[in-house]
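Per-entry structural report
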Amino acid sequence: MKIATALKGIAVAAALGLAAIGSAEADTFRLSHNTSDATTWHKGGERFAELLKEKTGGKHTVRLFANATLTGGDQMKQAEMVGRGAIDFVMTSAINVTPLVPEMAAFSLPYLFTSYEQVDAATGGEPGERMAGILDKHGIVVLAWGENGFREVTNNVRPIKSPDDMKGLKMRVAGPMYIDVMNALGANPQQMQWVETFSALQQGVVDGQENPIGAVIVPQRVYEVQKYLTTWHYSYDPIFLGVSRKRWDSWDDDTKAGVKSAAEEAMAFQRTLTREQTAQGIELLRQKGMEVYEPTEEELAAFKAATRPAFETWAAKVGPDLAKLFETAAAGAN
């Protein structure tokens, strides 16, 4: 009887041990992002989950939560929750982090960038490294940079060809810097969560919005509720995939290497996909019935001049040295 009892105990212990191993292998982390599951953001997140599972031998994977559902739809709150370890991973855009980290607005200063080469020089160079260091102080480890893209303007009232055409329009904006930009153009900005925006456009609560074509306007079907689009490229918005510093510090070096590698590959995929969809997007939007206006160089210069006060205001807020670092990176890529 004693032998049988002992064997039974060994069997139970073995079962518990296997359960513990199974639990470790099934370790699933949570990743929150702003947009729907139709976007390149979500597709990048899915690729990250696949790669993470592969690179960690099945020990770790990620569950995606679209539309900022973990924060009740509040896309601005995600970074703060990741910073204190309440959420494991976040994929969000630079402008959505500015309430927590004002310096992140440096990426999106109006008319700072005019090409992907300039953008890549910033995210892949010293500016990107400097921003990663700043985010780390807020408890977020940047794993890789992705792309939301150049933000274009849409509305239901009239074609936008000059700064004067913006006057009086009720515009949904994503963050505080864009409030100042819209005010400089004479528009009436209204900061609003993305999950509320489609219905607000549909119901006429706001006249228009501004977002990238490939990452948002096409996959989120903005063309169903907007008539006019102007490719004014007035601001660039990167996204980043980040992890809680608390979670990062809990991993060994091999796990960290696997997570970092998975993130870099996933965001490279997301960035390429976004640029492909952007390149194809203008013709698609025309096919969907939108009137697309592509400004001349002179017209773009007028928009740049009109938004210069907002540039100077936010260059001061992010810090003159940081703003200069971004401007130098952009100029060096010409």
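Described below are features of the structure shown in this document. (Residues numbered from 1 in each chain as written. Predicted model: local features only at pLDDT ≥ 70, side-chain atom pairs only at ≥ 80, totals over all residues. Heavy atoms only, no water.)

**Observations regarding empty space enclosed by the protein**
According to the stated counting rule, one finds one cavity of 30 Å³ or more in the structure shown. One number sums up the size of the largest cavity: a volume of about 100 Å³. Along its surface, the largest cavity is lined by 14 residues, and Asn 34, Gln 75, Asn 96, Trp 194 and Asn 211 are the ones closest to its centre. When grouped by side-chain class, the residues that make up the lining of the largest cavity number four nonpolar, seven polar and three charged. (1 Å grid on protein atoms, 1.4 Å probe; cavity = no way out; pocket = protein on both sides within 12 Å on 5 of 7 lines; lining within 4 Å. Points joined across faces, edges and corners; volume = space filled by probe spheres on them. Nonpolar A, V, L, I, M, F, W, Y, C, P; charged D, E, K, R; others polar.)

**Let's talk about the nonpolar core**
If you look at the biggest cluster of nonpolar residues, it comprises 55 residues, and the most contacted ones within it are Met 104, Phe 113, Met 166, Trp 232, Phe 240 and Phe 326. Setting aside its immediate chain neighbours within four residues, Met 166 contacts Val 153, Arg 158, Ile 160, Met 171, Met 182, Leu 185, Gly 186, Ala 187 and Trp 232. Of all hydrophobic cores here, the second largest spans 36 residues; its members include Val 216, Ile 217, Leu 241 and Val 243. (Core = buried A, V, L, I, M, F, W, Y, C linked by side-chain atoms within 4.5 Å. Buried < 20%, exposed > 50% of the residue type's maximum accessible area, 1.4 Å probe, protein only. Contact = heavy atoms within 4.5 Å.)

**Quick notes on unusual backbone geometry**
At Ala 68, a residue that is not glycine, the phi angle is positive and equals roughly 50°. Relative to the helices and strands, Ala 68 resides in the loop between strand E2 (60–65) and helix H3 (77–83). The exposure class assigned to Ala 68 is buried, which follows from its relative accessible area of 1%. For His 233, which is not glycine, the phi torsion reads 50° and is therefore positive. You can see His 233 is positioned in strand E8 (residues 228–244). (Helix = DSSP H or I, 4+ residues; strand = E, 2+ residues; numbered from the N terminus.)

**Comments concerning the pairing of strand E6 (residues 188–191)**
Pairing of strand E5 (residues 170–173) with E6 involves four bridges; the strand directions are parallel. Bridge pairing in E6 places Lys 170 opposite Asn 188. Crossover E5 to E6 through helix H6 (residues 176–184) is right-handed. (Pairing = 2+ DSSP bridges. Right-handed = clockwise from strand over helix to strand, strands pointing away.)

**Observations concerning helix H11 (residues 297–306)**
Those residues of H11 that sit buried are Glu 299, Leu 300 and Phe 303. All buried residues of H11 project into a common sector of 100° when viewed along the axis, lining one side. When the buried face of H11 is taken as reference, the exposed residues oriented beyond 90 degrees from it are Glu 297, Glu 298 and Ala 305. Buried residues in H11 make contact with E8 and strand E9 (291–293). (Arc of directions from axis to C-beta.)

All we've got here are geometric facts, nothing functional implied.
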